[in-house]
Amino acid sequence: MRHFLAAALLAASPALGGVTEALDAHILPGYAGFAEASAALAEAAGADCTAPALAAPYHAAFDAWMRVGDIRMGPSEHGALAIVFWPDARGFTQKTLQRLIAAQDPVIDDPAAFADVSIAGRGLFALDMLLFDTAFSGYAPQSYACRLAQRLTADLAAQAAALDAEWADSFAAVLRSAGAPDNATYLSEQEAVRALYTQILSSLEFTRDSRLGNPLGTFERPRPARAEARRSGRSLRNAVAATDAAVEFAEALADWELPATRAALDLVHEAADKIGDPAFADIDDLGERFKVEVLQQKIQGVETAIEEEIGLVLGLQPGFNSQDGD
Amino acid sequence: MNFKTLATSALALSLATGVARAETGAADVIGTYADIAAAAYGDSLSTAQALSDAVDALIASPSEATLEAAKAAWKASRVPYQQTEVYRFGNAIVDDWEGKVNAWPLDEGLIDYVDDSYIVSDENEYADLNIIANPQVSIAGADVDAGTITPELIGEVLNEADGIETNVARGYHAIEFLLWGQDLNGTDPGAGARPYTDFVTGDGCTGGNCDRRVAYLRAATDLLVADLQEMAANWDEGGAARAEVESDPDGLLRILTGMGSLSYGEQAGERMRLGLMLNDPEEEHDCFSDNTHWSHYYDGLGIQNVYLGHYTRVDGTLVEGPALASLVADIDPELDAEMRARLTTTMEALQALADAAEGGFAYDQMLAPGNAEGEALIMGGVNGLIDQTKSIERVVTALGLAGIEVEGSDSLDNPSAVFQ
C-alpha cells in the first residue's frame, strides 16, 4: 500500500517534471548535438571526400547519434530508419552501394531524389561501409564514390537538421502538454512518461539482444561478421554508448536518485574494459566470448535496476516496442 | 523473446486480478480466443490440403491450367492462415513453430535457379546453392547428400542452413517461389512467371532438373500440411496451446500481446514500412505471387477478429463468442469505442491498399522510389497499425487498473517476485 501511495503521488505532477527534464537534459540536446556533428561531417566531406579524411568526423557524428539513436517515437518513429538501417541480414547496404557505383547513378547529384533512395544506401551504415570496407574505401578524390560520400554526408546532415527541428519545434510540445484536453497523443502525463520509459528499456534490450546478441550467435556458431559497425570498429563503443545514453535518459526522467542504476552502469564499464577487440572479431575465442556474455549480463543488470528504481516506483510497465516481432 | 518479457511482467499480475471483477468473464473471452484459433488453423489446414491436391494434379499433368489452379489454391490458403498470425506473439507454442510455415524473407536461390541479376551478399554464402540443380552440396563444412529430395532433407538440413534465417527451404513462401518463380519486374507490375513446363519431367522440361523440382514441390507441400496439422491439433479441445492459454491467469495479456506485437513491430514496421523505405520489391511479403496486399489485409483482420470475438470461416460460417471488446466496454466504454474505431480505420486503409492493387496499381509499383501515391497507401496502413497499438496499450492499462486492486499485488508489495 505504501508503494501504491508513492506511485499515485509521483504520477500526479512530478512525472511531468520528468518529461520536461528528459526533453531538456537529454533528448533535445542530443538531437541538437547530432545535427551539429553531422553538419561538421558534411563540411569535412566538402573539403576532402576521401575515406581517411572523413574517419574522425564520422566517428564524432556517430558518437553524437548514439545519445539519442535508439529513440523510436514522434519524429524518430520513421525518421531514425534512414539514419541507421541495421541489422542488414540480406546485405542490402552492400547491394545498394554496389548498384549506385556500378551505374554511376546520377541520383547523387540531386538532393531531393537521393532522399528517395533505399534507406539501405543512406545514413550511417552506408557510410560505415563506404569509408571503412576495403572493397569501397580506396576511392580516388575525383571518383564517383567520393561524390557519393559527399552526398551521403550532406543527406545525413539534412536528416539530422530535420529531426532536430521536428523535435524542438513540434513534438517536444506534444510531450510537454500530455494530458491536456487538446492532446490526442498522450491522454495523461502517465502515458507520456510510459512512452519515454519504454524507449529506455527498448534501447537496453536492443543492445543486449542485437548489438551483442547478433555477433555472439550461438556457442557453436559465433557470428563476428554480424557485429554492428564492425568495419569502423565501433561495435563495442556503440554498445557502451547506448547504455550510457539509456542511463542518462533514465536519470533525467526520474526526479530522484538512481543509485542502483548508477552502480549497474559502473559494472557495464568494468565488463567493457576487459573486452579486447572493439569489433568483436575474436568472439570465436571462448575467453573473449565469455567477456561479451558478461557484458550482456551487466546490461541486463542496468535494465533490472531501472525497472526497480523507476518502473516500480511509478507503477509503470513498458509498452510495445518497435523491436517486437521477428 | 519479447513475448516472455511482457508476459512475465508485473502488469500481467495486476491485469489478472483486475479483470476478475468485470461482468464478461475473462475465461469466456479466452475460450472464444481459443475457438477462433481452432477454426482458423483448421481452415488453414483444409485449404493446404486442397493445395496439396492441386499440386498432385500439377505434377500428374503439368499445364497452364493445373499450374494456375495450384496458384489459386495457394492464395486461398493464405486467407485463413494470415488471420492466425495474431496468435503468434502471445503464444510461445505458436511462435516457436511459425518459422517452419511462414518464414520470410528468403534467399530463394538456395532452392532453385535465379536470374543473373540476383546478388549474393556476404551475409549468406548459400543464397545461390540451388539445391534443385545440385544433388551434392557442402554446407558449413559438411557434405550433404541431396540426391533424393525428401521432407527430412528440406526440414532438417536445408531450412535455416548454417543458422542463417534467410535460408528458408520450407513453408508458404518456399512453395510460393516454386509455383511463381522470381518476380523480375522490379517496381513494375507483374508477378513471377514460372512456366508450367518447369514441372514437365522428361522431354519438354524447362529450367532443368524438373524431376527434382517436382520432388521438392511435393515434399515442401507435404511438410506444410503436416505442420498445419500439428498446430490445428494444438488448438482443438484438449490441445496443448488451448490448455496453456486457458490455464494461464494472464491469458488476456496473451491476446493483447499478440495484437500489439503483430500490429506494431511486425506488420507496421518489419513488413510494411521497411519494404517501403528500402524501395525493394523483394521486400514485399508475398513477393513472388504479388499477393502482398491480401497478406497485409488478413493480418489486420485477424487482429480485429480476436478483439471483437468473431471469425468468418472459409465456408462462410461464423465463429463467435464473448469478446475482449465487451470486457473493455464494461470497464471503459470510451476506450472500447476508440479501440474499435482504430481497428476499423486500419481495416479501411488495408482495404484501400488491396483495392488499389487489385485495380492494377501493383504493390511493387507502390514501393518505387518517389511514388507518392503508393507511399500514401502503404503509410495509411502503417499509421493505422501504429495508432491502434497505442489503444491496445491503453486497454492493457485499463484492464490492469480496473479492479484498483493494487493492494496485495505482488508487483508492488514484493518487487523481487516480479523482476526475476
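Please refer to the structure higher up on the page.
Residues numbered from 1 in each chain as written. Chains lettered and ligands numbered in written order. Predicted model: local features only at pLDDT ≥ 70, side-chain atom pairs only at ≥ 80, totals over all residues.

### Here we look at the overall build of chain B
Here comes step 1: What chain B contains, in helices and strands, is 17 helices and 4 strands.
Here comes step 2: Residues counted as buried form 57% of the 420 residues belonging to chain B.
Here comes step 3: Expressed as a percentage of contacts within chain B between residues at least 6 apart in sequence, the contacts between residues at least 24 apart total 73%. (Helix = DSSP H or I, 4+ residues; strand = E, 2+ residues; numbered from the N terminus. Buried ≥ 20, exposed ≤ 12 C-beta atoms within 10 Å, placed from the backbone. Contact = placed C-beta atoms within 7 Å.)

### Some points on the nonpolar core
Here comes step 1: With 127 residues, the main nonpolar core has Leu41(A), Leu130(A), Ala250(A) and Val302(A) as its most contacted residues.
Here comes step 2: If one sorts the elements of this core by residue count, helix H8 (residues 144-176) of chain A sits on top with 13 residues.
Here comes step 3: Leu130(A) has contacts with Leu97(A), Phe136(A), Ser137(A), Ala145(A), Leu148(A), Ala149(A) and Leu152(A), leaving out every residue within four places of it along the chain.
Here comes step 4: Counting residues in each nonpolar core, the second largest holds 93 residues, with Leu58(B), Ala127(B), Leu158(B) and Leu228(B) among its members. (Core = buried A, V, L, I, M, F, W, Y, C linked by C-beta atoms within 7 Å.)

### Examining the packing of helix H7 (residues 172-180) of chain B against helix H8 (residues 210-235) of chain B
Residue and element names in this part refer to chain B.
Here comes step 1: Axis separation between H7 and H8 bottoms out at 10 Å; the angle between their running directions is 150°. Judged by the inter-axis angle, H7 sits roughly antiparallel to H8. The way H7 lies across H8 gives a crossing that is left-handed. Facing H7, whose interface residues are Tyr172, Ala174, Ile175 and Leu178, H8 presents Arg213, Tyr216, Leu217, Ala220, Thr221 and Leu224.
Here comes step 2: Here the contact of H7 with H8 is built from residues that sort into 8 nonpolar, 1 polar and 1 charged. (Axes fitted to C-alpha atoms, helices over the stretch in contact; angles between N-to-C directions. Parallel < 35°, antiparallel > 145°, perpendicular 65-115°, else oblique. Left-handed = near helix turned anticlockwise from the far one by under 90°. Nonpolar A, V, L, I, M, F, W, Y, C, P; charged D, E, K, R; others polar.)

### Here we look at helix H11 (residues 259-273) of chain A
Residues and elements named next belong to chain A.
Here comes step 1: The terminal C-alpha atoms of H11, which comprises 15 residues, lie 21 Å apart, in line with the 21 Å expected from a rise of 1.5 Å per residue.
Here comes step 2: What H11 keeps buried is the set Thr261, Ala264, Leu265, Val268, Ala271 and Ala272. The buried residues of H11 occupy one face: seen down the axis, they fall within an arc of 115°. In this structure, H11 carries Pro259, Ala263, Asp266, Glu270 and Asp273 as exposed residues pointing more than 90 degrees from its buried face.
Here comes step 3: Residues of H11 that are buried make contact with helix H10 (235-253) and helix H12 (286-314). (Expected span 1.5 Å × (residues − 1). Arc of directions from axis to C-beta.)

### Observations regarding the packing of helix H9 (residues 189-216) of chain A against H12(A)
Working note: a packed helix pair is described by the angle between its axes plus the distance between those axes.
All names here are of chain A.
Here comes step 1: H12 packs onto H9 with a crossing angle of 170° between their chain directions and a minimal axis gap of 10 Å. Taken together, H9 and H12 sit at an angle that is classed as roughly antiparallel.
Here comes step 2: Of the residues contributing to the contact of H9 with H12, the split by class is 14 nonpolar, 4 polar and 4 charged.

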